[in-house]
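Letter by letter, the chains look like this.
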Amino acid sequence: MRADQLASYLAQLQQQQRYRSRLVVEGPQGVTVSIANKAHLNFCSNDYLGLAAHPDLITALQRGADQYGVGSGASHLINGHSSAHHALEEELAEFVQRPRALLFSTGYMANLGVMTALLEKGDHVFEDRLNHASLLDGGLLSQARLQRYAHNDAQALHGKLAASQAHTKLVASDGVFSMDGDIAAVSQLAQVCHQHAAWLMIDDAHGFGVLGKSGRGTLEAQQLTPDDVPILMGTLGKAIGTFGAFIAGSEELIETLIQRARSYIYTTAMPAAIAEATRVSLRLLTTEAWRREKLQQNIQRFRQLASSAGLPLMDSQTAIQPVMLGEVGRTVAASVQLRQRGILISAIRPPTVPEGTARLRITLSSLHESAHIDRLIDELQHVCKA
Ligand SMILES: *Cc1c(COP(=O)(O)O)cnc(C)c1O
């Protein structure tokens with residue numbers, strides 16, 4: 001677009017109700033968040049375990065800043081890789097029971113890094129149709145041929161893999177699909193990948209910390225080994241409550257990423273104090289299993305009440321509980337109306353989701369109490385009937 005086209009582009013978005021704007025939040029994440037000096041009941045944060053503003057994390061961050069300062073000063077390969085980063089990598093690897101883990105500054109960069117490091121022109125990458133944008137962008141940037149398979153359909157994937165003559169094949173899927181909340185059939189994907197000697201990479205942004213008895217994520221919940229899924233990506237900005245991401249896998253995989261992943265090499269290391277806070281969060285995952293249990297109870301309560309109320313739920317057992325309204329105008333209006341009533345829920349619309357599937361994306365947290373969920377159901381009934 002040329003400079004003289006931007007104004008009409010923006011006007012058109014506004015007309016189509018696709019114009020995006022930001023809320024200005026005045027304090028920490030929690031059950032309520034303050035916007036325009038008004039408390040809003042929060043149903044759109046990815047802080048699933050209520051750790052983002054936990055006092056122990058805040059103290060760890062402050063101590064980390066005392067010890068390491070604020071900026072890391074350089075990339076990991078120059079001299080930005082501190083003992084805090086190193087310890088966190090070792091603890092993450094141990095937690096997910098893999099030989100090594102490598103920190104990235106964001107999940108977006110981790111996905112770009114893996115795909116560009118392992119794939120090149122002539123290779124093939126296969127992605128679930130509903131994968132997160134960062135996996136799709138990684139596939140495009142890698143210059144491999146990108147093929148999308150029908151959502152969560154291992155049989156469709158099998159057909160595409162069988163037809164591929166590429167030297168390197170890589171299959172990538174969300175563990176928990178970020179806009180629908182359903183869980184990937186990873187054991188079936190793993191079987192198909194084994195059969196065709198393809199890499200399998202699972203992006204567990206919404207499963208890590210939450211799913212599985214110990215919070216190790218989608219793979220723990222489905223009892224899968226590193227052999228089944230050689231590349232695991234987890235993010236730290238969601239259930240873990242801090243910032244950043246990691247890739248876990250074999251010694252050779254991680255060393256290859258250190259040599260080749262451009263989104264690892266050519267960027268400043270995350271602040272060491274963030275790594276220190278994340279180490280504390282990892283410990284809380286282990287010692288405070290009640291957070292996962294409470295979240296599960298909240299999910300069950302919400303689904304039960306929403307279903308009795310006749311709300312259009314989707315087939316999700318996770319903390320992501322979309323209410324599918326379909327039409328963009330109706331969805332945006334519902335979200336605005338909810339906000340006026342002090343409830344924060346985001347409207348998700350195309351192009352983030354397919355045409356005709358606009359939805360209210362509700363996320364639950366272990367900080368919600370039964371009364372919050374009851375109020376949510378009342379308010380949803382009110383705006384969805386209107
Ligand atoms: C949030 C998210 C990411 C990106 O992680 P960031 O650390 O926020 O960059 C990647 N994949 C999925 C599925 C996500 O939901």
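Residues numbered from 1 in each chain as written. Predicted model: local features only at pLDDT ≥ 70, side-chain atom pairs only at ≥ 80, totals over all residues. Heavy atoms only, no water.

A word on unusual backbone geometry. Cis rather than trans, the peptide bond between proline 350 and proline 351 has omega equal to 10 degrees. Note on placement: proline 351 falls in the loop between β12 (346-348) and β13 (358-363). Residues other than glycine seldom take positive phi values, yet alanine 197 does so here, at roughly 50 degrees. Looking at the element boundaries, alanine 197 is found in the loop between α8 (186-195) and β7 (199-203). You can call alanine 197 exposed: its relative accessible area is 69%. (Helix = DSSP H or I, 4+ residues; strand = E, 2+ residues; numbered from the N terminus. Buried < 20%, exposed > 50% of the residue type's maximum accessible area, 1.4 Å probe, protein only.)

Here we take up the sheet that holds strand β11 (residues 343-344). Spatially, the 3 strands line up as an open sheet ordered β1-β2-β11, and their pairing is mixed. The sheet terminates laterally at β1 (32-35) and β11, the two strands that pair on one side only. As paired elements, β1 and strand β2 (residues 38-42) share 4 bridges and run antiparallel to each other. Its bridge partner being in β2, serine 34 is matched across the sheet by alanine 39. (Pairing = 2+ DSSP bridges.)

As a further point, take helix α4 (residues 83-96). If you check α4, its first and last C-alpha atoms are 20 Å apart, about what 14 residues at 1.5 Å a residue would give, namely 20 Å. Those residues of α4 that fall on the buried side of the exposure criterion are Ala84, His85, Ala87, Leu88, Glu89, Leu92, Ala93, Phe95 and Val96. Between a side-chain oxygen at the N-terminus of α4 and the backbone nitrogen of alanine 84 the separation is 3.2 Å; the capping residue is serine 82. One or two residues past the end of α4 sits glutamine 97, with phi positive at roughly 60 degrees. (Expected span 1.5 Å × (residues − 1). Polar contact = N/O pair within 3.5 Å; in protein donor to acceptor, adjacent residues only side chain to side chain.)

As assigned here, the protein chain comprises domain 1 (21-50 + 289-385) and domain 2 (55-287). The C-alpha centroid of domain 2 is placed 26 Å from the C-alpha centroid of domain 1. Contact with domain 1, which involves 19 residues of that partner, is made by 21 residues of domain 2. Here domain 1 and domain 2 share an interface that buries about 1600 Å² over both sides, 58% of which is from carbon and sulfur atoms. (Domains from an automatic or database assignment. Contact = heavy atoms within 4.5 Å. Buried area = accessible area lost by both parts, 1.4 Å probe.)

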